[in-house]
Amino acid sequence: MNHISTDDLIEFIEETLTAERMRVVEEHIKTCAQCQNALAGLKRTFDLLALDEVPELSPVQLGNFVPHIRQKVNTEPVWKAWLPRVIPSVGLVMVFLLVFTVIIRQYPHSLPEPVNIATIPDSIWESYLIDSDVFAGIVLDTETLPNVLTTETWVDTTETDELLDNVIDPTFVQSIDEIEFFDDPFATFNSYFDDLTEPEIKLILQQLNQHG
Amino acid sequence: MVSDETLVSQFQNGNEQAFNELVNRYREKAYQIAYRMVRNQDDALDLAQDAFVRAYKGLRNFKGNSKFYTWFYRIVTNLCINFKTRNRFKDAVSLDNEDVHLPLESKTRSPLKDVINQELKQKIAEAIAQLPAQQRTVFILRYYEGLTHQEIANILGKSEGGIKANYFHAVKKLQSLLAAYQHGL
Ligand SMILES: [Zn+2]
């Protein structure tokens, strides 16, 4: 009889196997010393890991939690930083919106075509680029720019390292094979683009757009 | 209890207090996850608060396609991974020394046992810190936060199968890293 895989033993401990599989594993372990040892070893590992502790927050730290967040939010009033940048582009955004509305009404069941990012005027870009102590990066408002990047063009969350390492390499986009849907482009893109310059961000988005 | 979704929509309609309630609901979770990701209390506290700052600014665009906590945990883990990425050359595996200092007042247990426990805990912390970023994230969310593979898959935007594989790899790696301490220190 085949022994039980480590993966199954882990799921056996966590009781996440199907009822049928749980019973098979249980039966096997009763009579197999090797699998009993393997199971015991895994359990000891889990017991050790359970010892890991997180230092508790003090009442003062807990009490300051919300005020500190409020402070961070208020030290960088986003609308103030945006306002001078947004005003000149409002007209262009409205033109975009008008065009999109027409397109979407004509083809109510199809996704809008991606716009080539290279053709977007700088003034629009600037309204979405933010640089501050709190966060640096790009905010893509998918309500007003619905087809600048389609949902298929977001890169996977966990590719951060590669993305940062390969920013300057024009061939890197071809090497990314996991282009997945993100419903929080705001957070994700801000995370990615910390510490990058505006030209670098544009380069990435242009390449992503071409890839998507 | 008011649902997260209700609080989110109240906040989107201008109720600032609803945001505070979301913070109070998730602040300890955010801090715990961040602490296990970066292993330093001050950094973890900063990162947890920064995650809420981003949530504050991002919530106006949040359309509720996913659960709030899924969206928020992704912000937390992204911030932590990027924090580690930025600091990776500074200190590959740096542990907060103030967390491993010897307890001064041990009343019920023997001082020697406390010393051993502290050392053991440091070895465990080091082992977790040695996991690659994604495995570490998955392991923390599954083992310490008790999320399902499917929930983690939603948070990280990966397939459930991929997350399971990450988790099994993490457990096996931890087992081999901790093999020497299986019977105590
Ligand atoms: Zn066996």
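Rules behind the numbers
Residues numbered from 1 in each chain as written. Chains lettered and ligands numbered in written order. Predicted model: local features only at pLDDT ≥ 70, side-chain atom pairs only at ≥ 80, totals over all residues. Heavy atoms only, no water. Axes fitted to C-alpha atoms, helices over the stretch in contact; angles between N-to-C directions. Helix = DSSP H or I, 4+ residues; strand = E, 2+ residues; numbered from the N terminus. Parallel < 35°, antiparallel > 145°, perpendicular 65-115°, else oblique. Left-handed = near helix turned anticlockwise from the far one by under 90°. Contact = heavy atoms within 4.5 Å. Nonpolar A, V, L, I, M, F, W, Y, C, P; charged D, E, K, R; others polar. pLDDT = per-residue confidence, 0-100. Core = buried A, V, L, I, M, F, W, Y, C linked by side-chain atoms within 4.5 Å. Buried < 20%, exposed > 50% of the residue type's maximum accessible area, 1.4 Å probe, protein only.

Visitor: Any chance you could explain the packing of helix α5 (residues 65-75) of chain A against helix α3 (residues 41-58) of chain B here in plain terms?
Guide: For any two helices packed against each other, the geometry is given by the interaxial angle and the distance between the axes. Running from amino to carboxyl end, α5(A) crosses α3(B) at an angle of 55 degrees, the nearest separation of the two axes being 9 Å. Comparing the axis directions of α5(A) and α3(B) gives the class oblique. Considering the relative orientation of α5(A) and α3(B), their crossing is right-handed. Contacts between α5(A) and α3(B) involve F65(A), H68(A), I69(A), R70(A), K72(A) and V73(A) on the former and, on the latter, L45(B), D46(B), A48(B), Q49(B), D50(B), F52(B), V53(B), Y56(B) and K57(B). Its residues assigned to classes, the contact of α5(A) with α3(B) shows eight nonpolar, two polar and five charged.

Visitor: Looking at this structure, I do not really get the confidence of the model for chain A. What am I missing?
Guide: Caution applies to low-pLDDT regions: their predicted coordinates should not be interpreted in detail. Residues and elements named next belong to chain A. Counting all residues, the mean pLDDT for chain A is 61, and 35% of those residues have values of 70 or more. Confidence drops under a pLDDT of 50 for residues 103-118, and excluding neighbours within four residues, the segment shows 20 contacts in the predicted structure. In this model residues 123-195 is a low-confidence stretch, pLDDT under 50, and it forms 196 contacts with partners more than four residues away in sequence or in other chains.

Visitor: I would appreciate a short explanation of the nonpolar core in the present structure.
Guide: Inside soluble globular proteins, nonpolar side chains tend to come together where they are buried. With 82 residues, the main nonpolar core has L49(A), F52(B), L59(B), F72(B) and F139(B) as its most contacted residues. The residues contacting F139(B), other than those within four sequence positions of it, are L49(A), L131(B), Y144(B), Y167(B), A170(B), V171(B) and L174(B).

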